[in-house]
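# Structural description and commentary
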Amino acid sequence: MIDTPSYADALRILGCKDGRLAKVIGLASAAARTGWALAAGAQIATTNLRDLRDGIIAYGEDVVRRMPELKSGVDRFTRTQRLAAAHAAVVVSAYFEALGEAKLPFTLDRLDHGDRISHGVPTTERYARLVAVLLLERLPTPEPHVPYAETRQAVERAYLRMSEAMAGYVGGLAVWDELAVEDQLRLPALLAEGPTAHALRIYDEDYRSLALDSHEFGVRSLVTERPPPATALSRVAWLMAELAPPRVGDRPMIHQVRMAANALDQPLLVAGKLPEDVSLPLLGEGYLSPRCRVAELTRESSPAQRDWWQDQRLLIDAEAFFVGHLTSLRATQAPLLVLGEPGSGKTKLTEVLAARLARSEFLPMRVELRGVRARADITEQIEQAVAEVLGQEVPYADLVTAGGGAMPVILLDGFDELVQGAIGRFDYLERVREFQAREAGLGRPVAVIVTGRTVVADRVRFPAGLLALQLQPFEEDQVRQWLDIWDQANRALLARRDLRPLPAEAALAHGEMARHPLLLLLLALYDAGGNALQREHGPLGRARLYEVLLRDYTERETGGARRVVIDQELVLLGAVALSMLARGSQVITDEQLNRDLPALCHGGEDEPGEEQERVDWARKATERFFFVRRKGHAFLHSTFAEFLVAWVSMYALRDLDRRCRLAVDEPLVLVQAVDDDLLYAVTSHSCLAERGPTVGFLLELLAEVPPAVRARCVELLAGLLRRSLYERPRRHFAGFRPVRHTMTRRLAAYSANLTLLIVAASEGPVAVSSILQGPDHLERWSALTHLWKGQLGHEGWSGLVTALSAHRVMTDGKEDVVLGGGTEPTGMGDVVVAVATGHSPRHRRLLDLLLRALGEGQALPFGDRVGILEELLRTVAVRSPAMHRALGAMWREEGADRAGLRPLLQAMLADPADRMATWEQLVKAGIPETALWEIHQSIVPGD
């Protein structure tokens, strides 16, 4: 929830000069602070409901009449506060007007002038309590993500609370005894129905008056109506102009910041080198205003799951929403989180929104989080981004002051980069909210919008009042609208080569791919090379699209080079992507590239010979369409890097398979094994599952490999896995070392990636016994998984558990672990997988499933189940309700070895801080208190 004004707050914000209202509110406020019983007897004269009603109604009418005056001549945030205050005044005024006209068995005059002796509680104290409910409680306020009908329902609930308070007040006065019994029984219903219904009708009329005079209220009623087709949030500029005229005469520094935000006349993709035979639409023409779903997040929310979003409100008019949000109280109290799939347009949204706000009463500042120090605080990150624009460092406070009352809007783009890898800033959104609270306390309110991938939303904590949007895929009409724009930009250019732009039907044949903005653009770019999509009507996978687009562009750039040359170019790009992944960054410098690339792409040699010409590897790799320059080099979109990591891993695997097949005909095959140096160099720095899309790309690429080749690869990979932890002589490509990891870390990454590739390349589920052959396969599997958990870091381990399903099985009385199969782990899920409680709901559900199965006694002997519970307690200190239930079920089990459970219960009760809570949970689970007391005494003798 957010802080909204009460009626008393509204009077303070609007500067009310009515002494009667100030006096009665002062009474209630003082009584609330010092205790109701201390309400001064001298103030009894203020207990006059009739005068209070007249004053409130008169002030409400005055507020509606003076709205134009209240809005003019103030800054953006002050106007937002005054609008919220005016709404609060209208809400209360409507109720008091309806109360005076209600058909009740008494009049307000009778309450004021009758016998003042009350039942039990002094009248002054009772009256102070009534005024507190009527005038001191926070009131609903319109918000852009809430339809008017729901706001009206919230106002109705407030009216019902007021009526309940009135009924309680009357019931304590002497006048109550003068009422007929029938009237006493009917009074609560009369107050709940009569004044409430009438007050809502008055509120409707007053709200319409506010909307006519204050465009902000009108905007908030638009968000559930489908707007006309628009591009680049063009209606945001129009709606903003309706709220306040564009700002002119900014100081030079502020003018420079505003100009930097205006990117509408740049191409839709600001690439390093555009293809010569196509024309990218400008951002102001080619960015379609998105459609979104909206929700206020709580601890129970699951925004990382797509299914969860299907039940959230569809927000059709995003433009009206953004205007309404930025002019609401919530905007300065909590960040707005914008989530989306890779390529859904999150970054472009921030660019376009900043451009639209640049000519308004707001001061937009974009911060690309991948280009600032990840561990810096919010203020420092903003200052770093602004320094890039101004060419000098300017304190944030000085920048806001120079803005002359323009409200800052900070657009933090790509927070997923901060919660992945080694940074792990799970509290980032909380820090943003604290930044907003601190700035508001200093008189510098600020709105913040944060973007990130949907998949990482379960790795952060949600502060109170956090509102989230999820960008939706294009609908068919949006696909057609965007392709019309593409047609206008490229029809003439393509006609020179006897080609035509991509028609909607050909694009829509590719299903979901055409409904993601980035993929739709890539489809159009690929088709522009030779109208391939218009000739081939079969569906094109995402990995295939990326590969053919990269190959097509590289072929045109190299003048129709042979496949080997194109593969070399793709390996070069893949090396760039690997260097980024190993560093946990999407930006890489020339110095880093010139060190890494020759080590991997120069035949495994660390340095070229003196007779060879030195190559500018950074320039060679990044002078392509696929790169942009931002304090280094970054891929046009992060999904290019994720695809290239998958592609170069597949290239190394196919290369190993090819050399093994050739070696069969060589006489030295008996004495010299084919090395796996390239595969090791490519896959030993990071777990491929750190980036979820990388695994998806791998699966798609492997699906195109013939079954026989995949089967050979599985056999090769299994052999490598069995030998992966043993010492090896000097390898080639040893110079490719983007980050200096320990040998155990590299061996962990390599063995984990081998396992991922085995499962991905296999036709079906894979038994651990088939790849770790021998009677000790489970011990070796356990050793591997413990190595992974200890060495891969949170992101690597969490990604691995998510990508690699595993469950235990019993076959002919022998235990095994089955990997893959596309199913969730069963109740007897592998213990090491279950250890990954992580931050995601999936991991927590997996753990609960395992513990429930252990309690129910499925498949495993009692002693083995005790061992699994001990492992969970020892490795991750699990203290969940599911653990309590599992221990209780096993304690009650017939023939249970309770002596084996005693050490577990001792561990559970060992921490004094939560001993009592654990004790209660264990008793509820069915373990007798006498047994727990005996165990407790053994922990703390004499306690």
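Thresholds, definitions, all that
Residues numbered from 1 in each chain as written. Predicted model: local features only at pLDDT ≥ 70, side-chain atom pairs only at ≥ 80, totals over all residues. Heavy atoms only, no water. Helix = DSSP H or I, 4+ residues; strand = E, 2+ residues; numbered from the N terminus. Polar contact = N/O pair within 3.5 Å; in protein donor to acceptor, adjacent residues only side chain to side chain. Contact = heavy atoms within 4.5 Å. Axes fitted to C-alpha atoms, helices over the stretch in contact; angles between N-to-C directions. Parallel < 35°, antiparallel > 145°, perpendicular 65-115°, else oblique. Left-handed = near helix turned anticlockwise from the far one by under 90°. Pairing = 2+ DSSP bridges. Buried < 20%, exposed > 50% of the residue type's maximum accessible area, 1.4 Å probe, protein only. Nonpolar A, V, L, I, M, F, W, Y, C, P; charged D, E, K, R; others polar.

With respect to the helices, strands and loops of the structure, D677 is situated in helix α31 (residues 677–683). There is a polar contact of 3.0 Å between the side chain of D677 and the backbone nitrogen of H732. The contact partners of D677, leaving out residues within four places of it in the chain, are R728, R731, H732 and F733.

This part covers the packing of helix α30 (residues 638–663) against helix α32 (residues 692–703). One can describe the packing of α30 onto α32 by two numbers: an axis separation of 8 Å at closest approach and a directional angle of 45 degrees. Our classification of the angle between α30 and α32 gives oblique. As α30 runs across α32, the sense of the crossing is right-handed. The residues of α32 that touch α30, namely those facing T639, E642, F643, V645, A646, W647, S649 and M650, are P693, T694, F697, L698, L701 and L702.

One open sheet holds the seven strands; their spatial order is β2-β1-β7-β3-β6-β5-β4, and the pairing between them is mixed. Each edge of the open sheet is held by one strand with a lone partner, namely β2 (313–315) and β4 (362–368). Averaged over all adjacent pairs, the angle separating strand axes in this sheet is 25 degrees, with direction ignored. The pairing of strand β3 (residues 336–340) with strand β6 (residues 447–453) spans five bridges and is parallel.

Among the five residues that make up strand β7 (residues 467–471), five are buried, leaving the element largely enclosed by the rest of the structure. In β7, alternate side chains face the same way, and those of L467, L469 and L471 on one face and A468 and Q470 on the other are all buried. Of the strand pairs in this sheet, strand β1 (residues 292–296) and β7 are connected by five bridges, and their pairing is antiparallel. Counted as the bridge partner of R293 is Q470 from β7. Taken together, the four bridges between β3 and β7 define a ladder with parallel strand orientation.

In contact at an axis separation of 10 Å, helix α26 (residues 542–557) and helix α27 (residues 563–583) are set at 115 degrees when each is read in the N-to-C sense. As for the relative orientation of α26 and α27, their crossing is right-handed in sense. Between α26, through L550, R551, T554 and E555, and α27, the contact on the second element is made entirely by R563, I566, D567, E569, L570 and L573. Looking at the contact of α26 with α27 residue by residue, the classes come out as four nonpolar, one polar and five charged.

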